[in-house]
Amino acid sequence: SMAEHINGIKESCKAAGRDLAIMSIAVNPEDFFDAEKGIYVHGNIFDKALEEHLKTERVNDHNAIDTARGLDANYKQKGRDWEREAHVDYFESDGTSSSHLLAQDCGIRVQGNYSRSDLQKGLRLYARSDYGEKKFKFPFFEDALNDEGKVIDKYDKLTLRNGGNCAFTTKYSDAFWQALLGDMACETQATRPCVVYLNGEYWGIYILQEDYDDAYFEETHGVNSDTVVVYKGDAEKLA
């Protein structure tokens, strides 16, 4: 049973009143962990950045962590060139039994800003015709409703958030704050806890979250995605 793999799942599902989401991700190990093209590791980009840094600066016990986090690395790269192919299997479990609800090839990237340098990194899944299906067709979030009150069951992208700057503390603070605004006339992202496995290895608890993009506004509000412009700020550059 799932209780043998995830301690306390039965009690947690009962307390939450809903099933636990489980995302099993299969990737080519080199696409994640190779020094040249791996998206999840420091890699060659970090080695080069560190070599350049040491030409003018010293690293000691007091600044080593901040220095390492600040240097460029494979996992900090963005864009389609740093998207890799993956296969996902999506399950839901009530703690006793589980149901396999979706199997799909897709793209995967590391996501986030400062938290990219954490051991557990955020991930973003992309449905594309290049991989097969153009959408993730499943109602992942029962509270993700469009303006007609219907549950949204099509997604271009899905985010597996590691908790951001609260990854090792409250983890769910962003989801909680958004939930407090649920009754107001403003945009909020639907979320739910999700256990992630990577190539069969337990990878931790994430927050499965819908992503703000042009498709979100089309599915939620019925506007043509071609008429939507989404502006994203960079918190690190603005700090």
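Residues numbered from 1 in each chain as written. Predicted model: local features only at pLDDT ≥ 70, side-chain atom pairs only at ≥ 80, totals over all residues. Heavy atoms only, no water.

Draft legend 1. Structural context of the side chain of lysine 121. Structurally, the position occupied by lysine 121 is in the loop between strand 3 (98-111) and strand 4 (122-126). A distance of 2.6 Å separates the side chain of lysine 121 from the backbone oxygen of arginine 116, its partner in a polar contact. When near neighbours in sequence (up to four residues on either side) are disregarded, lysine 121 contacts Tyr40, Tyr75, Val110, Arg116, Asn162 and Tyr206. (Helix = DSSP H or I, 4+ residues; strand = E, 2+ residues; numbered from the N terminus. Polar contact = N/O pair within 3.5 Å; in protein donor to acceptor, adjacent residues only side chain to side chain. Contact = heavy atoms within 4.5 Å.)

Draft legend 2. Focus on the pattern of salt bridges. The final tally for this structure, using the stated rule, is 14 salt bridges. A salt bridge links glutamate 83 to arginine 128; its shortest N-O distance comes to 2.8 Å. Of the two residues, glutamate 83 sits in the loop between helix 4 (64-70) and strand 2 (84-93) while arginine 128 sits in the loop between strand 4 and strand 5 (157-161), which places them 45 residues apart along the sequence. Under the relative-accessibility criterion, glutamate 83 is labelled buried at 7%. Two residues, aspartate 211 and lysine 157, come together in a salt bridge whose shortest N-O distance is 3.3 Å. With aspartate 211 in the loop between strand 7 (201-210) and helix 6 (214-221) and lysine 157 in strand 5, the pair connects residues that are 54 residues apart, well separated along the chain. Like aspartate 211, the residue lysine 157 is buried in the burial classification. In the salt-bridge network here, residues are joined through shared partners; they are Arg80, Glu83, Arg109, Arg128 and Asp130. (Salt bridge = Lys/Arg side-chain N within 4 Å of Asp/Glu carboxyl O. Buried < 20%, exposed > 50% of the residue type's maximum accessible area, 1.4 Å probe, protein only.)

Draft legend 3. Layout of the pairing of strand 4. When you tally the buried positions in strand 4, you get five out of five residues, the bulk of the element. The two faces of strand 4 match: Gly122, Arg124 and Tyr126 on one face and Leu123 and Leu125 on the other face are all buried. Sheet topology places strand 3 next to strand 4; five bridges connect them, and they run antiparallel. In the strand pairing of strand 4, isoleucine 108 is matched with leucine 125. (Pairing = 2+ DSSP bridges.)

Draft legend 4. Representation of the sheet that holds strand 1 (residues 20-27) in the model. Sheet architecture is closed into a barrel: seven strands sit in the order 1-2-3-4-5-7-6, paired in mixed fashion. On average, adjacent strands in this sheet sit at an angle of 40° to one another, irrespective of strand direction. Alignment of strand 6 (residues 191-198) against strand 7, held across eight bridges, turns out to be antiparallel. From the neighbouring strand, threonine 191 faces strand 7, where its bridge partner is glutamine 209. (Axes fitted to C-alpha atoms, helices over the stretch in contact; angles between N-to-C directions.)

Draft legend 5. View of helix 3 (residues 43-53). Residues of helix 3 that are buried include every one of Gly43, Phe46, Ala49 and His53, and no others. Summarising the axial view, the buried residues of helix 3 lie within an arc of 90°, below the 170-degree limit, and thus occupy one face. Of the residues in helix 3, the exposed ones pointing more than 90 degrees away from the buried face are Lys48 and Glu51. Turning to helix 3, the residues buried within the fold contact helix 4. (Arc of directions from axis to C-beta.)

Draft legend 6. Fine view of the packing of aromatic side chains. Counted according to the given criterion, the structure contains 15 aromatic pairs. Taking 5.5 Å as the distance between ring centres and 10° as the angle between the ring planes, the aromatic pair formed by phenylalanine 32 and tyrosine 40 counts as stacked. By relative accessible area, phenylalanine 32 is classed as buried at 0%. A relative accessible area of 7% means that tyrosine 40 is categorised as buried. The interplanar angle of 75° and the centroid separation of 4.9 Å between the aromatic rings of tyrosine 90 and phenylalanine 140 together place this pair among those described as edge-to-face. Of this pair, tyrosine 90 sits in strand 2 while phenylalanine 140 sits in the loop between strand 4 and strand 5, and the two are 50 residues apart along the sequence. Classification of tyrosine 90 by relative accessible area gives buried; the value is 0%. (Phe/Tyr/Trp six-rings, centres within 6.5 Å; stacked < 30°, edge-to-face > 60°.)

Bear in mind that shape data such as this cannot, by itself, settle questions of function.
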